[in-house]
Amino acid sequence: MTDIKDNLLAVKGSLPKGVNLVAVSKFHPKEVLKEAYDAGQRIFGESRAQELVEKAVALPTDIQWHFIGHLQTNKIRMILPYVSLIHSVDSFKLLKAINDDAKKLDKVIAVLLQLHVAKEETKFGLTEEECLELVDAYINTSQFGNVRVRGVMGMATNTDDETQIREDFRTIRNIFSKLKSGPLSSHHEFSEISMGMSGDYPIAIEEGATMVRIGSKIFGQRQY
């Protein structure tokens, strides 16, 4: 069995100050998450609503649950009581639906805007133009009082070409910087760049990541 504690401490030891670790725990059993929790991890990332809820109910209440997968609007209400950050807002429709469901619960939900920069059509996310349009609506209308845009999220192309990976991460950081110095300059909570996974997170950190999403390097291969 993989030594979860040693793996976790090794990953944490490789992260510079200011970079937070999201332990991607999707498809792993609760017992494995508890090992990571006992070793000091408090932020866990899940990509399926039902699985997140089942784990949140069973595990300690001081865990911060991040939803990192593609979120369907009919699953929003299920996760809102438990989730502290949604990484994957990829449309105006989804942001509006999160806001409306959060309003019914009298909550304010933190979100990241998911960018599509990879050279693959299969990944979700906003283009730079779509992201700018969504931010314009977020700051200039009264429709979003129950969401807080905390930053951006993205994935690099699935390739062994480090030059391409670096270029993708740099594009994500550059879009973040445009927003931070432009329309969101007065929004101090806009501070997160979530990018980098087990295979490429060192490059992501070099390119400005503030949050990395690491699963297999901690937990081993997923148990589907």
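First, a word on what this report is: a plain description of the structure on this page. Along each chain, residue indices are assigned from 1 in the same order as the chain's sequence is written. With pLDDT at 70 or above as the cut-off, local features in this predicted model cover only qualifying residues; side-chain atom pairs require 80 or more to be listed or tallied, and sums for whole chains, interfaces and linings still use all residues. Side-chain descriptors were evaluated using all non-hydrogen atoms of the structure, hydrogens and water having been removed beforehand.

**Some details on the pattern of salt bridges**
Any carboxyl oxygen of Asp or Glu within 4 Å of a side-chain nitrogen of Lys or Arg constitutes a salt bridge here. Under the defined criterion, the tally for this structure stands at 14 salt bridges. Arg166 is the salt-bridge partner of Glu206, the closest N and O atoms lying 2.8 Å from each other. Here Arg166 lies in helix H7 (residues 162-181) and Glu206 lies in helix H8 (residues 201-206), a separation of 40 residues in the sequence. The salt bridge involving Glu207 is made with Arg166; its shortest N-O contact spans 2.9 Å. Numbering of helices and strands runs from the N terminus, with a helix taken as a DSSP run of H or I at least four residues long and a strand as a DSSP run of E at least two residues long.

**Describing the packing of helix H6 (residues 128-140) against H7**
Axis definition: a line fit to C-alpha positions, over the contact stretch in the case of helices; interaxial angles, taken between N-to-C directions, run 0 to 180 degrees. As a packed pair, H6 and H7 sit with axes 11 Å apart at the nearest point and diverge in direction by 25°. Our classification of the angle between H6 and H7 gives roughly parallel. Crossing of H6 against H7: the hand is right-handed. Within the contact between the two elements, H6 uses Glu128, Cys131, Leu132 and Val135 and H7 uses Ile175, Lys178 and Leu179. Residue classes in the contact of H6 with H7 are distributed as 5 nonpolar, no polar and 2 charged. Orientation labels follow simple angle bins: below 35 degrees gives roughly parallel, above 145 gives roughly antiparallel, 65 to 115 gives roughly perpendicular, and whatever is left gives oblique. Here is the rule for handedness: rotate from the far helix to the near one, and if that takes an anticlockwise turn smaller than a right angle the crossing is left-handed, while a clockwise turn gives right-handed. Pairs of residues are marked as contacts when any of their non-hydrogen atoms sit within 4.5 Å. Throughout this entry, Asp, Glu, Lys and Arg are counted as charged residues, while Ala, Val, Leu, Ile, Met, Phe, Trp, Tyr, Cys and Pro are counted as nonpolar. The remaining residues, Gly among them, count as polar.

**A look at the nonpolar core**
Residues belong to one nonpolar core when they are buried, are Ala, Val, Leu, Ile, Met, Phe, Trp, Tyr or Cys, and are joined through side-chain atoms within 4.5 Å. Throughout this description, buried means an accessible area under 20% of the type-specific maximum (1.4 Å probe, protein chains only), exposed means over 50%, and partly exposed covers the range between. Core analysis: the biggest nonpolar cluster contains 67 residues, and Phe44, Ile86, Ile98, Val212 and Ile218 have the highest contact counts within it. The biggest single contributor to this core is H7, with 6 residues. When sequence neighbours within four positions are dropped, the list of residues in contact with Val212 reads Leu15, Val19, Asn20, Leu21, Val22, Met195, Gly196, Tyr201 and Ile205. One finds Val22, Leu112, Met153 and Met211 within the second-largest nonpolar core, a separate group that totals 7 residues.

**Let's talk about helix H5 (residues 92-104)**
Expected helix span is given by 1.5 Å per residue-to-residue step, counting one fewer step than there are residues. Here H5 is 13 residues long and its end C-alpha atoms lie 19 Å apart, about the 18 Å a rise of 1.5 Å per residue gives. Looking at H5, one finds that the buried residues are Leu94, Leu95, Ala97, Ile98, Asn99, Asp101 and Ala102. On the buried face of H5, the contacting elements are helix H4 (76-79), strand S4 (83-89), strand S5 (109-115), H6 and strand S6 (147-154). One or two steps after H5, the chain reaches Asp106, where phi turns positive at roughly 55°.

**Comments concerning the side chain of Ser47**
For Ser47, the location among the structural elements is in the loop between strand S2 (43-46) and helix H3 (49-58). What makes Ser47 buried here is its relative accessible area of 17%. Beyond its immediate stretch of four places on either side in the chain, Ser47 contacts Lys26, Phe67, Ile68 and Gly69.

**Section: a negative patch on the surface**
Each patch is built from residues that are more than 30% exposed by relative accessible area and take part in no salt bridge. Like charges join if they lie within 9 Å; nonpolar side chains (Val, Leu, Ile, Met, Phe, Trp, Tyr) join within 5 Å. Values of accessible area rely on a 1.4 Å probe in the Shrake-Rupley scheme; residue burial ignores everything except the protein chains shown. Working convention for charge: Lys and Arg count positive, Asp and Glu count negative, and His plus the chain ends are omitted. Lys charges are placed at NZ, Arg charges at CZ, Asp charges at CG and Glu charges at CD. Taken together, the side chains of Glu129, Glu130, Glu133 and Asp136 make up a negatively charged region of the molecular surface. Take Glu133: it is sitting in helix H6. Under the relative-accessibility criterion, Glu133 is labelled partly exposed at 48%.

**So, the pairing of S4**
Across the 7 residues of S4, 6 count as buried, placing the element largely inside the fold. Here the rule is simple: two strands pair whenever DSSP picks up at least two bridges between them. Direction of pairing for strand S3 (residues 64-67) relative to S4: parallel, over a ladder of 3 bridges. Paired with Phe67 across the strands is Ile86, a residue of S4. The pairing of S4 with S5 spans 3 bridges and is parallel. Note on S5: the bridge partner recorded for Ile86 is Val111.

**Some details on the packing of aromatic side chains**
Classification of ring pairs rests on two measures: the distance between centres of Phe, Tyr or Trp rings, Trp counted by its six-membered ring, which must be within 6.5 Å, and the angle between planes, read as stacked under 30 degrees, edge-to-face over 60 and tilted in between. Inspection of every chain in the model, using the stated rule, returns 4 aromatic pairs. With a centroid separation of 5.6 Å and an interplanar angle of 80°, the aromatic rings of Phe92 and Phe144 are classed as edge-to-face. Here the residue Phe92 occupies a position in helix H5, and Phe144 occupies one in the loop between H6 and S6, the gap between them amounting to 52 residues. Residue classification places Phe144 among the buried positions, given a relative accessible area of 4%. Taking 4.9 Å as the distance between ring centres and 15° as the angle between the ring planes, the aromatic pair formed by Phe176 and Phe190 counts as stacked. Of this pair, Phe176 sits in helix H7 while Phe190 sits in the loop between H7 and strand S7 (192-194), placing them 14 residues apart in sequence. On the accessibility criterion, Phe190 (0% relative accessible area) is buried. One aromatic cluster is present, formed by Phe92, Tyr138 and Phe144 through successive ring pairs.

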